[in-house]
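# Observations on the model geometry
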Amino acid sequence: MNVPSINEQLRYFEKQRPKIVKTIRQLVEIESPSDVKQSVDRLSTVLASRFAELGGRVRVHLAEKFGNHLQVDFKGRGPRDDKPVLLLGHMDTVYPIGTISKMPCRVIKDRLHGPGVLDMKSGIALALHSIQAMLKWNAGKLPRPVTILLVSDEEVGSTSSRALTEELARKSAGVLVLEPAQGLAVKTARKGICEYELKVTGKAAHAGLDFEKGQSAIVELAKQIWQISQLTDMKRGTTVNVGKVSGGTRSNVVPAEATAVIDVRVSRMGDALEIDGRLRSLKLFNRNCHISISGGLNRPPMERSAAVAALYDKATAVADELGWKLEEAAVGGGSDGNFTAALGIPTLDGLGGVGEGAHAEHESVIISELPKRAALLAGLIARI
């Protein structure tokens, strides 16, 4: 059987558009918040069945606190030692159970709305239908081996899945991340994410009777926050945000404790190390207080390396054949692609749906863009 041309593939996906939308609806209507294991596992079971129907070898990686992680392997028609392409995504969403009743999955003009529709159940559906099409075009075998990994805890830090993601990435020729596009662009760089907690300990005292005997942890923390805020460097792409502050007990007590939670975003690994050193060497304003800092790097930055750029070039070649220009973007948010890119594995992110409103009430995907994204994904898999 002759494999259709790239433009014939696009026309095929155009005809498949209603089925792609139906699959996305099915996935969205199975709510899967990160913190409800049973719900994520229900979605995982449905997806395992769909991929098994296509001939994929399903492996479930059990997780105790979070949902189980789903791995599906497809053989290629080439040499057995060909490294697979890793399609990387996540099944969990940020929305609590019951959100679907307030944000029903529905079509409005050219958009499909619903919780998690963009981030990133449309990406999972695109992978499913791209694999299905490629099996049809290649007499039941893919042009190269493909591994699909769908994790259950990406939205809450990937603590239980990171080791598995990195293990599979090391065995892969390249990683295609099914996160949503940035506008119409794919993502060739993401910032690294660090989180710290700064704790200040002072000394409690009665604010009226013994004010001078107290040592205010809140005053010290306020001064530290001002000092920390000076670490932001927009030109370098470094932001330092004190996003949560707590402390004290009552207004008439000099506070003995205060804490701040700090979010740090960096474009380069070197900047993460520099900020870490600066935070761990903070100097006290009030020597009668004590400060301690915990935390660190959660996701290394995805830098636009030569390996990333080469994979982007392959994607632009596919898009050129499809008749459109594929742009690239650098974004502030992180994904599991940060982990794989930091290992030196060629990684391209943002190969999922096109839309807007991730994590928001107006979350939606553009239906008319789905065939192009499916054709791009299929074409790129064949070229790696």
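From a predicted model like this one, the values you see are computed outputs, not experimental measurements. Throughout, a residue's number is its position along its own chain's written sequence, starting from 1. With pLDDT at 70 or above as the cut-off, local features in this predicted model cover only qualifying residues; side-chain atom pairs require 80 or more to be listed or tallied, and sums for whole chains, interfaces and linings still use all residues. Excluded from the side-chain calculation are hydrogens and water; included are all heavy atoms of the structure.

## Focus: the overall build of the protein
Defined as follows: Secondary structure follows DSSP: runs of H or I at least 4 residues long count as helices, runs of E at least 2 residues long count as strands, and numbering of each begins at the N terminus. Using a 1.4 Å probe on the protein chains alone, a residue whose accessible area is under 20% of its type maximum counts as buried, one over 50% counts as exposed, and one in between counts as partly exposed. Only heavy atoms matter for contacts: two residues are in contact if any of them lie within 4.5 Å across the pair. Note that accessible areas follow from Shrake-Rupley with a 1.4 Å probe, and for residues the cover is restricted to the protein chains shown.
Within the protein, the regular secondary structure consists of 10 helices and 18 strands. When burial is assessed residue by residue, the protein has 53% of its 384 residues classed as buried. Within the protein, contacts between residues at least 6 apart in sequence are counted, and of these 80% link residues at least 24 apart. When the accessible surface of the protein is summed, it comes to about 17300 Å², and 51% of that surface belongs to carbon and sulfur atoms.

## Some thoughts on a positive patch on the surface
For clarity, the threshold we go by: A patch consists of residues exposed above 30% relative accessible area that lack any salt bridge, with like charges linked at up to 9 Å and nonpolar side chains (Val, Leu, Ile, Met, Phe, Trp, Tyr) linked at up to 5 Å. A side-chain nitrogen of Lys or Arg and a carboxyl oxygen of Asp or Glu constitute a salt bridge if their distance falls within 4 Å. A residue counts as positive if it is Lys or Arg and as negative if it is Asp or Glu; His and the chain ends are not included. For this purpose, a charge sits on NZ of Lys, CZ of Arg, CG of Asp or CD of Glu.
A contiguous patch of positive charge, built from Arg11, Lys15, Lys19, Lys22 and Lys136, is present on the exposed surface. Looking at the positive patch, the element that brings in the most residues is helix 1 (residues 6–28), giving four residues. Relative to the assigned elements, Lys19 resides in helix 1. Judged by relative accessible area, which is 51%, Lys19 ranks as exposed.

## Focus on the pattern of salt bridges
Within the structure shown, the criterion is met by 18 salt bridges. For Asp210, the salt bridge identified is with Lys213, shortest N-O distance 3.8 Å. The class of Asp210 is partly exposed, set by a relative accessible area of 29%. Residue classification places Lys213 among the exposed positions, given a relative accessible area of 51%. Where salt bridges share partners, they join Glu154, Arg299 and Asp336 into one cluster.

## So, the nonpolar core
The line we're drawing: Definition used in this section: a nonpolar core is a set of buried Ala, Val, Leu, Ile, Met, Phe, Trp, Tyr and Cys residues joined via side-chain atoms within 4.5 Å.
Counting residues in hydrophobic clusters, the biggest one holds 64 residues, and the most contacted among them are Leu47, Leu87, Ile148, Leu176 and Leu348. When residues of this core are assigned to their parent elements, the largest contribution, 13 residues, is made by helix 4 (residues 117–137). Formed by 21 residues, the second largest nonpolar core is a distinct cluster that contains Leu198, Leu221, Leu231 and Val240.

## Here we look at the sheet that holds strand 9 (residues 192–201)
We count it as follows: Two strands qualify as a pair provided DSSP detects at least 2 bridges between them. Axis angles are defined between N-to-C directions and span 0 to 180 degrees, where every axis is a line fitted to C-alpha atoms and, for a helix, only to the segment in contact.
The antiparallel open sheet is built from four strands, whose spatial order is 11-13-9-14. Of all strands in the sheet, those bounded by a partner on one side alone are strand 11 (239–247) and strand 14 (290–299). Shown here is a sheet whose adjacent strand axes are inclined to one another by a mean of 15 degrees, direction ignored. One ladder, built from nine bridges, connects strand 9 with strand 14; its direction is antiparallel. Within the sheet, the bridge partner assigned to Ile193 lies in strand 14 and is Arg299. In the packing of helix 7 (residues 269–280) onto the sheet, the strands contacted are strand 9, strand 11, strand 13 (257–266) and strand 14, and the crossing angle to strand 14 comes to about 165 degrees.

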